[in-house]
Amino acid sequence: MIGLISATAAGAAARDRLAAAWPDRTRVYEGPVGEAVRSAFAECEQLVCFLATGATVRLLAPLLADKAADPGVVCVDEGGRFAVSLIGGHGGGANELAREVGELLGAEPVVTTATDAVGLTGLDTLGLPCEGAVAAVSRALLDGEPVAFAAELTWPLPPLPVSPQGSYTIRLTDRDVEPGPREVLLRPPSLAVGVGASKGAPVDEVLGLIEETLRGAGLSPRSVAELATVDAKSEEPGILGAAGRLGVPVVTYSAEELAAVEVPNPSAAPLAAVGTPSVAEAAALLGGGELLVPKRKSDASPAMATCAVVRRPGRGRLAVVGLGPGARDLLTPRATAELRRASVLVGLDQYVDQIRDLLRPGTRVLESGLGAEEERARTAVEEARRGHAVALIGSGDAGVYAMASPALAEASDDIEVIGVPGVTAALAAAAILGAPLGHDHVSISLSDLHTPWEVIERRVRAAAEADLVVTFYNPRSRGRDWQLPKALGILAEHRAPTTPVGVVRNASRPDGTSRVTTLAGLDPASVDMMTVVTVGNTATRTVAGRMVTPRGYRWQNGRSEQPQETR
């Protein structure tokens, strides 16, 4: 919950805007400001104070106890110009909250955390438990000192500017070891603990068995990702209580699923009780991985709990990112976040140049030239299979004549795939032209490098006969100069010579051009591969120099168009 505190009418107005926008996330604290701050600090995970920073610091100073536990605090000035991340930038989430508040209120987020200021990934923002010399190692990264990275297993981490060797170390491990004086330990959620329990098994017995088993195997409880069991035990208090104390979820499987898993130590007892010869081992193994600790029973007499431990490999992450048509303000925030999240970037060299400044230090860039689409797709998938966090970039929307299709054709379910939509060239061009896509429309690529011309021609003819607005991608190149005239000729068999046609080159870019002409007036020689050509349907009109396709055909008949539900 986010506590909202204000002292003036202007602050209250901005406060109420946040409360209205985030009704489920916020709570307004009224009354004297000092009491409101104290109450919110005790009751909320984060605070937004519409107060001067000096006043906020004085109110907060007696309340501060531990940076790892204190709420994150954002301070917004009286004029609503700045949203300052004041306390708990990383641990309390104040940096991200400042950005969110700034976006909502139109204020400039002010983030002074050193790593954020220079674009480094903060060690305490990786989403993994970390312990050791976090401040010292972070300072070494900031100062450009060599920091070694020792990964005992692969995990899809964000980029870090690390070296093979250094006097400081970042160690990725799930082993129960103590950090050195110049070392940070990162704990990946790599361990799945399978648990079986008799009805009424005490929490202390279940938890004690898990902790003893991990300790005996030299494994860290901070790397436990889940407790897994059979669904018949989904409400067993001992299992739920142990998971609660460990701070992990309980994952359950059916007896049929567990019975299909080959295990080293099947038993007749669980088969008779819940319908599977193994609960602990089978539940731990069902998600894949290496069995580190076979089934163990608790020391109680009679033993009421069993457990087994599996190490699961890090699952690589592939984000297929659409960069939009080229303008930076048409690159979506989600795309920006994925570019900064990736430790490996794969893309066409000219697209990499567009966003190179957004990449975090330590990002490995794999770029290539035109014509290597399938090679880039394979490279991205291979890097993800090695356990890395990968971003594969393309222009426009990556799923429209771009990299998503070849990449997903290579990818299997052994990696996580995230699709990040982008503004397509057709949409960017349409916004410049007016509203040519107001009714049914289709996009067709005229490149016959991958599609036989006979297929393309059949699609163009179908679109012409169906009276669809048509957007042509890849309309003309030096080696392909006859396809566009041919396609326009097919459309001309079904549409008047005066049908509006929009021609947009480099949509949204500084050197972009656009014009509206007609089907008869378009000179195909004026078009190249950087151009999008949009041909209207029989209802499309030119209004004040803009292409407009009405949402219905009533306009054609001189009747007023009735409002339609927007979907």
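Residues numbered from 1 in each chain as written. Predicted model: local features only at pLDDT ≥ 70, side-chain atom pairs only at ≥ 80, totals over all residues. Heavy atoms only, no water.

Within this structure, the stated rule accounts for 27 salt bridges. The salt bridge partner of Glu 96 is Arg 99, with a shortest N-O separation of 3.8 Å. Residue Glu 96 and its partner Arg 99 are both found in helix α4 (residues 94-105); the two are separated by three residues, about one turn of the helix. Residue class for Glu 96 comes out partly exposed when judged on its relative accessible area of 44%. The shortest N-O distance in the salt bridge between Asp 174 and Arg 311 comes to 2.8 Å. Placement of the pair is Asp 174 in the loop between β9 (168-172) and β10 (183-186) and Arg 311 in strand β15 (residues 305-311), with a sequence separation of 137 residues. By relative accessible area, which is 1% here, Asp 174 ends up buried. (Salt bridge = Lys/Arg side-chain N within 4 Å of Asp/Glu carboxyl O. Helix = DSSP H or I, 4+ residues; strand = E, 2+ residues; numbered from the N terminus. Buried < 20%, exposed > 50% of the residue type's maximum accessible area, 1.4 Å probe, protein only.)

What follows concerns the layout of surface pockets. Reported here for the largest pocket is a volume of approximately 1500 Å³. What lines the largest pocket is a set of 47 residues, among which Tyr 351, Glu 373, Tyr 401, Asn 474 and Met 529 lie closest to the centre. Every element with two or more residues in the lining of the largest pocket is listed here: β17 (344-348), α13 (349-355), α14 (373-385), β19 (389-394), α15 (404-410), β22 (441-445), α17 (453-465) and β26 (531-535). Of the residues contributing to the lining of the largest pocket, the split by class is 21 nonpolar, 19 polar and seven charged. By volume, the second largest pocket is sized at about 960 Å³. Contributing to the lining of the second largest pocket are 27 residues, with Glu 96, Arg 99, Asp 116, Arg 340 and Arg 360 lying nearest its centre. Grouping the constituent residues of the lining of the second largest pocket by class yields nine nonpolar, nine polar and nine charged. (1 Å grid on protein atoms, 1.4 Å probe; cavity = no way out; pocket = protein on both sides within 12 Å on 5 of 7 lines; lining within 4 Å. Points joined across faces, edges and corners; volume = space filled by probe spheres on them. Nonpolar A, V, L, I, M, F, W, Y, C, P; charged D, E, K, R; others polar.)

Here Ala 308 shows up in strand β15. Given a relative accessible area of 0%, Ala 308 falls into the buried group. C-alpha of Ala 308 to C-alpha of Leu 285: the two residues are 23 residues apart in sequence and 9.0 Å apart in space. In this view, Ala 308 contacts Ala 192, Val 193, Gly 194, Ala 280, Glu 281, Ala 284, Leu 291, Val 293, Pro 294 and Lys 295; residues no more than four positions away in its chain are not counted. (Contact = heavy atoms within 4.5 Å.)

This part covers the environment of Ala 303. Relative to the helices and strands, Ala 303 resides in the loop between β14 (290-297) and β15. Sequence separation between Ala 303 and Ser 167 is 136 residues, and the spatial gap between their C-alpha atoms is 48 Å. Discounting chain neighbours no more than four positions away, the residues touching Ala 303 are Ser 198, Glu 205, Lys 297 and Ser 298.

Now for the sheet that holds β26. Strand pairing within a sheet occurs via backbone hydrogen bonds; the two strands may be parallel or antiparallel. Taken in spatial order, the five strands make up an open sheet running β22-β23-β26-β24-β25, and their pairing is mixed. Two strands bound the open sheet, and with one partner strand each, they are β22 and β25 (513-518). Across the sheet, the mean angle from the axis of one strand to that of its neighbour is 20 degrees, orientation sign disregarded. In terms of strand pairing, strand β24 (residues 500-505) meets β25 through six bridges, oriented antiparallel. Across the sheet, Arg 505 pairs through a bridge with Thr 513, a residue of β25. Most of the contacts of helix α16 (residues 425-433) go to β24, to which it runs at about 115 degrees, and overall it touches β22, β23 (469-473), β24, β25 and β26. Contacting β23 and β26, helix α18 (residues 483-492) crosses the sheet at an angle of about 175 degrees to β23. (Pairing = 2+ DSSP bridges. Axes fitted to C-alpha atoms, helices over the stretch in contact; angles between N-to-C directions.)

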